[in-house]
Amino acid sequence: MPEQSLPFVIDKDAALEHQLAAQRARRPADPLLSLVVPVFNEEETIDLFLATVVPLLERDGVRFEIVFVNDGSRDDTFARLFHRGRADRRLRIVNLSRNFGKEAALTAGIDHARGDVLIPMDIDLQDPPELIGSFIARWREGYDIVYGIRTARHTDTRAKRVSAGWFYRVFNSMSPVRIPPNVGDFRLVDRRAVEVLRQLPERNRFMKGLFAWVGFNSVGVPYERPERAAGTSKFNFWRLWNFAIDGVVSFSTAPLRAWFYVGLVIATVAVLYALFIVTRVLIFGVDTPGYASLLIAILLMGAIQLLSLGIIGEYLGRLFVEVKGRPIYVVEGIYEDTPPKPPVT
Ligand code: UDP
Ligand code: MG
């Protein structure tokens, strides 16, 4: 159909612009920015992080607070944070009672942040703080979520890049919510998206997925991910593998449903094969050999049953964790330099 015959041209950009304008109007002139920083055994990186981030934000005249979540560090992380926090009102330390993992720590930080906008950040400066300015600029345009996209992953090993690529492919093909590839937790989140996020009750915090689930207008800002500034990565192969399984299993039930189809195919093949054998015996008489085919059938069925049982187990295990309903994290204490209370009269 020629375009002229349409009654009007649907202008998608104008619709989005209208949406964004409505959000722009809500933006406070002097927003409070909360950096949410989970830390686990990071005594070497704290000073460097503060020395980089604080002057940058001060230069840009941003009103900010930094919420550090000490995720049960076993080194001097807490002591260091504590001393820095006493000297600076803008720092708050949420001390967890033990190590709960990065996702839980991030959840704790998000719950305790007071800002109009939140930015979760790694402390190792792999999330470049220079990007904060452009995040805020896009937020001012009306976007509720502005995420950083890692363009080149030079600093990752080839194996990590390939496996990450596969993860996004598998996840997005199975899950009803799409997570943009090569996007970490480093992003700006508006207060209204934060409030939705905080209502999600699940214990299994696959934050990237939860952020995507929340939705709203989002936009990406590309950046190159630098090397860790100091210290070592807390994620080895097994932690990442388990993280990937957590992600898929908490956002998709496709692996469960897949067994229905596997079962269907195998049942069909089995029925056809049975017909074939019976017919053969009826026509050619009894024929004893068959050890190999029998053994293969038994082993194959056994393997398939164990596999499917394993997958059901994954979901059952998670169901168990959710049903118990234990808190996602336990706060040992919150440390901040609160202004002295007026004397009681
Ligand atoms: N982290 C945490 N709890 C953990 C593991 C990591 O709070 O159990 C923090 C860590 O201190 C850092 C961030 O999560 O601020 C990212 O960790 P890391 O740099 O080791 O991950 P990578 O960049 O290698 O994926
Ligand atoms: Mg890192």
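Residues numbered from 1 in each chain as written. Chains lettered and ligands numbered in written order. Predicted model: local features only at pLDDT ≥ 70, side-chain atom pairs only at ≥ 80, totals over all residues. Heavy atoms only, no water.

### Quick word on the overall build of the chain
Along its length, the chain carries eleven helices and eight strands. Taking 2.2 N^0.38 as the reference for a compact globule, 345 residues should give roughly 20 Å; the C-alpha atoms of the chain span a radius of gyration of 27 Å, well beyond that estimate. When its C-alpha atoms are laid out on the principal axes, the chain stretches across 100 × 70 × 50 Å. Per-residue burial over the chain gives 39% buried out of 345 residues. When contacts within the chain are restricted to residue pairs at least 6 apart in sequence, those whose partners lie at least 24 apart make up 84%. (Helix = DSSP H or I, 4+ residues; strand = E, 2+ residues; numbered from the N terminus. Rg over C-alpha atoms; globule rule 2.2 N^0.38 Å. Buried < 20%, exposed > 50% of the residue type's maximum accessible area, 1.4 Å probe, protein only. Contact = heavy atoms within 4.5 Å.)

### Quick notes on the sheet that holds strand β7 (residues 218-223)
The strand order across the open sheet formed by eight strands is β7-β5-β6-β4-β1-β2-β3-β8, and the pairing between neighbours is mixed. The open sheet terminates on both sides in strands that have one partner only, identified here as β7 and β8 (331-336). For this sheet the average axis-to-axis angle between neighbouring strands, irrespective of direction, equals 20°. The sheet contact formed by strand β1 (residues 32-39) and strand β4 (residues 117-120) spans four bridges and is parallel. What sits directly across from Leu35, in β4, is Ile119. (Pairing = 2+ DSSP bridges. Axes fitted to C-alpha atoms, helices over the stretch in contact; angles between N-to-C directions.)

### Some remarks on the pairing of strand β2 (residues 63-70)
Along β2, seven of the eight residues are buried, which leaves the element largely enclosed by surrounding structure. Inspection of the sheet shows β1 paired to β2 by eight bridges, in the parallel sense. Its bridge partner being in β2, Leu35 is matched across the sheet by Ile66. Considered for its hand, the β-α-β crossover made up of β1, helix α2 (residues 46-59) and β2 is right-handed. The pairing of β2 with strand β3 (residues 91-96) spans five bridges and is classified as parallel. Each residue of the ladder has a partner; that of Ile66, found in β3, is Leu91. A crossover links β2 with its parallel partner β3, the connecting element being helix α3 (residues 77-87), and its sense is right-handed. (Right-handed = clockwise from strand over helix to strand, strands pointing away.)

### Quick notes on the pattern of salt bridges
Throughout the structure, instances matching the rule amount to 21 salt bridges. The partner of Glu58 in a salt bridge is Arg90, and the shortest N-O contact between them spans 2.9 Å. You can see Glu58 sitting in helix α2 and its partner Arg90 sitting in the loop between α3 and β3, a full 32 residues away along the chain. Look at Glu58 and you get partly exposed, because its relative accessible area is 43%. (Salt bridge = Lys/Arg side-chain N within 4 Å of Asp/Glu carboxyl O.)

### Details of the coordination of the magnesium ion (ligand 2)
At the metal site, the magnesium ion (ligand 2) is ligated by Asp124 (OD) and Gln126 (OE1), and these contacts range over 1.9 Å. Among the residues examined, Asp124 registers a relative accessible area of 3% and is labelled buried. The buried category is assigned to Gln126, whose relative accessible area is 14%. (Donors = N, O, S within 2.8 Å, 3.2 Å for Na, K, Ca; no water.)

### Digging into the packing of aromatic side chains
Scanning all chains against the criterion turns up twelve aromatic pairs. A centroid spacing of 6.0 Å and a plane angle of 35° characterise the contact between Phe78 and Phe82, whose relative ring orientation is tilted. Linking Phe78 with Phe82, this pair stays in helix α3, spanning four residues, or about one helical turn. Look at Phe78 and you get partly exposed, because its relative accessible area is 25%. Seen in terms of ring centroids, Phe186 and Tyr223 are 5.8 Å apart; in terms of plane orientation they differ by 85°. Their pairing is edge-to-face. Of this pair, Phe186 sits in strand β6 (residues 183-190) while Tyr223 sits in strand β7, and the two are 37 residues apart along the sequence. Judged by relative accessible area, which is 1%, Phe186 ranks as buried. Residue class for Tyr223 comes out buried when judged on its relative accessible area of 4%. Joined through ring pairs, the aromatic side chains of Phe167, Tyr168, Phe171, Phe206 and Phe243 make up one cluster. (Phe/Tyr/Trp six-rings, centres within 6.5 Å; stacked < 30°, edge-to-face > 60°.)

### Concerning the site of ligand 1
The environment of ligand 1 is formed by 18 residues, the closest being Glu42, Asp71, Asp124, Ser233 and Lys234. Separating an oxygen atom of ligand 1 from a side-chain N or O atom of Glu42 is a distance of 2.7 Å. Residue Gln126 places a side-chain N or O atom 2.7 Å away from an oxygen atom belonging to ligand 1. Tallied by class, the residues present in the shell around ligand 1 amount to five nonpolar, four polar and nine charged. (Near = heavy atom within 4 Å. Polar contact = N/O pair within 3.5 Å; in protein donor to acceptor, adjacent residues only side chain to side chain. Nonpolar A, V, L, I, M, F, W, Y, C, P; charged D, E, K, R; others polar.)

By themselves, these are just geometric observations and shouldn't be taken as functional.
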